[in-house]
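Observations on the model geometry
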Amino acid sequence: MSTLAPAEHLGSRLSHTWSERRRWPLVSVAGGALAAGAVLLPLAFLVVQAQRSGWGEVQRLLLRHSVAVLLWNSVRLAAACTALCAVLGVGAAWLVERTDVPARRLWAVLLVLPLGIPDFVVAFGWISIDPGFHGYLAAVMVMTLSLYPLVYLPVAAALANLDPGLEEAARSLGAGPWKAFAKLTMRQIWPALLGGCLLVTLGLLAEYGAFEILQYQTFTVAIFTEFKLGFDTVAACTLSLVLVMVSVAVLGGELTLSGRGRTFRPGPGARRGAPRIALGRRRIGAVGALALLAALALGVPVGTLGYWILHGGSSTLPSTSILAAAGHTALFSAAAAILSTLLAIPVATLAIRHRNRLTLLIERISYLPMALPGLVIALGLVSFSVRYAFSLYQSSAELIIAYAILFLPLAIVGVRSAMAQASPRLEEVGRSLGANRSSVFLRITLPLIAPGLGAAFALVFISSATELTATLLLRPTGVNTLATQFWVYTTNFSYGAAAPYAALMVAISAVPAYLLSRRMRTISRTGGPR
Amino acid sequence: MSALSVHGLWKGYGGQSVLRGVELEVPAGSLSAVLGLSGCGKTTLLRLIAGFERAERGEISLGAITLDDGRTYVAPERRNVGYVPQEGALFPHLDVAGNVGFGLSRAERRGGTVKELLEMVGIGSLGSRLVHELSGGEQQRVALARALALRPRALLLDEPFSSLDASLRTHVREEVHGLLRQQGVTTVLVTHDQEEALSMADHVAVLRDGRIVQQGAPADLYERPADARLAGFLGEVNLVEARFSEGTAATALGVLALRGAPGDAPDGHGLVMVRPEQLAVTVAEEASPAGPPEGLRGRIEQCRYYGHDALLEIRAEPPGPSRALLARVHGEQALPVGTAVRILAHGPVTALE
């Protein structure tokens, strides 16, 4: 008996320490692991595929493809576009949020709407005006005009939420309005600006359609060509890995830079509107600048779409095919949105309610697709399904899974902010009132995070509905979505036939883009990811 | 038999102990207060009793049932222990009736139970209101009705009145007190407000650095605190040097009777605790010339006027005890600074270690 005692003691101690630590919510951990696994799977198969031919071959490929040229193209494009987006985004946000420029609400909407127009539709707009519109400067212009809202939105939100007390304090200490803005306000909006610039750079690295139209060689264009025309998956995967490394480097750079300018709000004092700077006679110039930006970013694509729909000449509009394409788009997007939102729930639950190293890792991995071009994820999935699950290859399921992985970060952002606002105290009270874990989730947590789930669904739906690159690679044979059908017509120069498809995509995403512009503010208030 | 009993309870976070062997006995049907400064572990204690966290060591039992002793652990939903957190924590997606009826079965919700509960807490007409349309006091009542709906075997209140305005607080506190009395439910109230604890509870336990340093009836604690720190925590206090002999204490305020100490009467030198209301103050000139001049002479240094009463800070003359003495007098007796007075101590005093 006495010899048994120590072992027994040890056993009870072990179970004790296990159970007394936060009890593992098994369902959430399983769901989170599934999400992280889904993100890592395509990446893993990219590596597997790339190294199949050995290191020497990889080296040869990297040299043959003159990776240096692609790198140079990407870097000079990213540098120019990001800088321009930063200037346009901050300038526009400052005018709208901090000056007395007329019709501020109108500008706030018009400046965000370009986000609802896919980049390749913007490129289509310009090239349909002037067929000679291509090359570096064209790419810089098109991408700047379609991506600047990514800087504008967070910076405008940061400016609107800024504690006016800080600037007033600076003024009372003898700094003029301009100096206060430069020394203080810029510091405060720095994280938002950097975050926006990061999204711009990652968007540039991931874009394929616009560059194909504008005939500008980037990694994505080269990868796509290798895969679709050369049927060379090894080369495509090798180049993709380089692209992934560039993206990760950008991400790392942003993390290092954003660590410096910490912001904090001193006390929870009531919010007041920040004082606006009177522009005086410069108001005319300000309105002119905003109008020019809106005309170029919004007017040109919308105008050209309108023109081609009215004067397209293709009066024999195949209305059945547009209905079929719209149907497929809606079906795939909705399924992906549901899947992505379902995966986001456990990730957000773990990140908010059970924070530790493992759950942090799961969350970080789940955010990874933000830095991964859709093309890369699609390639990884193709490599996987061709070798291990051929029945999945070019099936609807594979496309839906690709969308769900690709836009998982958007879903997490949506669910996470709602989850952060739902106090765990409420769940505890629910349990003390006799409801068990699952009942508490259904009766308290779920209703509380419902708005976040809706936002997550909408974000993923819109993004999937306008996705082109991964869709081109993964769509089931003979099935066209709005984006791919548009692409087919555009590459055949049938602009009139292509325009209705683009218009439908814009219609699908414009309204939610507007809603997103309002939502971004609440997200930035409650603290987004990280 | 005590309804709720906590025995040798330990709990820590990240290697730091918050509760270190808490012993607490809450008699059945009583209202007990756990009093402590913020960060002393009060809320942790409640969360352990409610079952939101598990004990590291020790035992929590309710009547004959063990809730948590390291091996057995009863999930919060099976404890039938009501919990009213700070700020109420009402479910924002449900209306008032939905909140109160949360723990009830469908049939009970359909029947008049919710209405009865709302009437019991005095807000019978607010059932269809949304939670954010309620005032702070109404929210507290809803939270209380919700917790009482299941006829809990014990009720836990975590600083339930601290978010209310001072004027409202006393009122709601009295109402809740009356209600709990009437229901006869065993209640643990956690608070940092010593006035709240003393005025509401039948039984007060003081939690300090993760341990219960003293527990008993409010008057017991107030009159016979375990040490000087506790004496000061429960109210204003004068610590006066004394020489003890045969149950009396000889001090600058005269020879005072000692409260019957639980052990032997102390010997030699030490400190006694004299509450400010035990000092009577008279203006020196008014002292009747007939009798012998009694009490300690002093001069008023400061007067804190509260309306119903005033607290005088008096410096003895010639300077005796190093600190100024505090005396609580009626409001109308607030005297101007500089007035010469005499101080008379009355009632038994308590010797402190």
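Residues numbered from 1 in each chain as written. Chains lettered and ligands numbered in written order. Predicted model: local features only at pLDDT ≥ 70, side-chain atom pairs only at ≥ 80, totals over all residues.

For the rest of this paragraph, the subject is the overall build of chain B. Across its full length, chain B carries nine helices and 20 strands. Its C-alpha atoms put chain B at 80 × 45 × 35 Å along the principal axes. Buried positions account for 37% of the 353 residues belonging to chain B. Within chain B, contacts between residues separated by at least 24 positions form 66% of all contacts whose residues are at least 6 apart in sequence. (Helix = DSSP H or I, 4+ residues; strand = E, 2+ residues; numbered from the N terminus. Buried ≥ 20, exposed ≤ 12 C-beta atoms within 10 Å, placed from the backbone. Contact = placed C-beta atoms within 7 Å.)

A few words now on the overall build of chain A. A tally of helices and strands in chain A yields 24 helices and zero strands. Considering only residue pairs separated by 6 or more positions, chain A has 84% of its internal contacts joining residues 24 or more positions apart.

So, about the packing of helix α17 (residues 374-388) of chain A against helix α18 (residues 396-406) of chain A. Residues and elements named next belong to chain A. One way to put it is that α17 packs onto α18 with a least axis distance of 10 Å and a crossing angle of 140°. In terms of orientation, α17 lies oblique with respect to α18. Between α17 and α18 lies a crossing whose hand is right-handed. Taken together, the residues of α18 that come into contact with α17 (itself represented by Gly374, Ile377, Ala378, Leu381 and Ser385) are Glu398, Ile401, Ala402, Ile405 and Leu406. Residues belonging to the contact of α17 with α18 are distributed by class as follows: seven nonpolar, two polar and one charged. (Axes fitted to C-alpha atoms, helices over the stretch in contact; angles between N-to-C directions. Parallel < 35°, antiparallel > 145°, perpendicular 65-115°, else oblique. Left-handed = near helix turned anticlockwise from the far one by under 90°. Nonpolar A, V, L, I, M, F, W, Y, C, P; charged D, E, K, R; others polar.)

Here we take up the interface of chain B and chain A. Every contact between the two is made by 19 residues of chain B and, on the other side, 19 residues of chain A. Looking at the side of chain B that touches chain A residue by residue, the classes come out as 10 nonpolar, four polar and five charged.

With that settled, the discussion passes to the sheet that holds strand β8 (residues 186-191) of chain B. Within a sheet, each strand pairs with its neighbour through backbone hydrogen bonds, oriented either parallel or antiparallel. Residues and elements named next belong to chain B. Spatially, the six strands line up as an open sheet ordered β6-β7-β8-β3-β9-β10, and their pairing is mixed. Sheet topology places β6 (81-84) and β10 (211-216) at the edges, where each strand pairs with a single neighbour. The sheet shows a mean angle of 20° between the axes of neighbouring strands, direction not considered. Here β6 pairs with strand β7 (residues 154-158) via four bridges, running parallel. In the sheet register, Gly82 faces β7, and the bridge partner there is Leu155. (Pairing = 2+ DSSP bridges.)

Another aspect to go through is the domain arrangement of chain B. Many analyses report the size of an interface as the accessible area lost when the parts associate. Along its sequence, chain B is organised into domain 1 (2-223) and domain 2 (236-353). Here domain 1 of chain B and domain 2 of chain B have C-alpha centroids that lie 39 Å from each other. (Domains from an automatic or database assignment.)

Before going further, it helps to examine the nonpolar core. Residue and element names in this part refer to chain A. Grouped together as the largest cluster of nonpolar side chains are 170 residues, with contacts concentrated most on Val155, Ala402 and Val415. Residue contributions to this core peak at 13 residues, all from helix α15 (residues 319-353). When near neighbours in sequence (up to four residues on either side) are disregarded, Val415 contacts Thr341, Ala344, Ile345, Ala348, Ile449, Gly452, Leu453 and Ala456. (Core = buried A, V, L, I, M, F, W, Y, C linked by C-beta atoms within 7 Å.)

With that out of the way, let us pick up the pairing of β8 of chain B. All names here are of chain B. Taken across its six residues, β8 has six buried, putting it largely inside the fold. The side-chain alternation of β8 yields two buried faces, one formed by Thr186, Val188 and Val190 and the other by Thr187, Leu189 and Thr191. One ladder, built from five bridges, connects strand β3 (residues 31-35) with β8; its direction is parallel. When the sheet's bridge partners are listed, Ala33 is paired in β8 with Leu189. Crossover handedness for the path β7 to helix α6 (residues 166-183) to β8: right-handed. (Right-handed = clockwise from strand over helix to strand, strands pointing away.)

All names here are of chain B. As summarised here, the arrangement of the five strands in space is β13-β12-β11-β14-β20, forming an open sheet in which the pairing is antiparallel. Each edge of the sheet is formed by a strand with only one pairing partner; in this case those strands are β13 (254-257) and β20 (350-352). The average angle at which neighbouring strand axes cross in this sheet is 45°, direction not considered. Pairing geometry for strand β11 (residues 238-245) and strand β12 (residues 248-251), over three bridges, is antiparallel. Looking at the pairing, Ser245 lines up with Thr248 of β12.

All names here are of chain B. Within β3, five of the five residues are buried, which leaves the element mostly enclosed by the surrounding structure. On β3, burial covers both faces: Leu31, Ala33 and Leu35 on one face and Ser32 and Val34 on the other are all buried. In terms of strand pairing, β3 meets strand β9 (residues 203-208) through four bridges, oriented parallel. Across the sheet, residue Val34 finds its bridge partner in β9, namely Ala205.

With that settled, consider the confidence of the model for chain B. Overall, the predicted model of chain B reaches an average pLDDT of 87, with 94% of residues at or above 70. If you check the scores for this complex, the pTM reads 0.79 and the ipTM reads 0.80. (pLDDT = per-residue confidence, 0-100.)

Residue and element names in this part refer to chain A. At a minimum axis separation of 9 Å, helix α2 (residues 26-50) and helix α16 (residues 357-367) run at an interaxial angle of 40°. Overall, the two elements α2 and α16 adopt an arrangement that is oblique. For the pair α2 and α16, the crossing hand works out as left-handed. Mapping the contact onto sequence places Gly32, Ala33, Ala35, Ala36, Val39 and Leu40 in α2 and Thr359, Ile362, Ile365 and Ser366 in α16.

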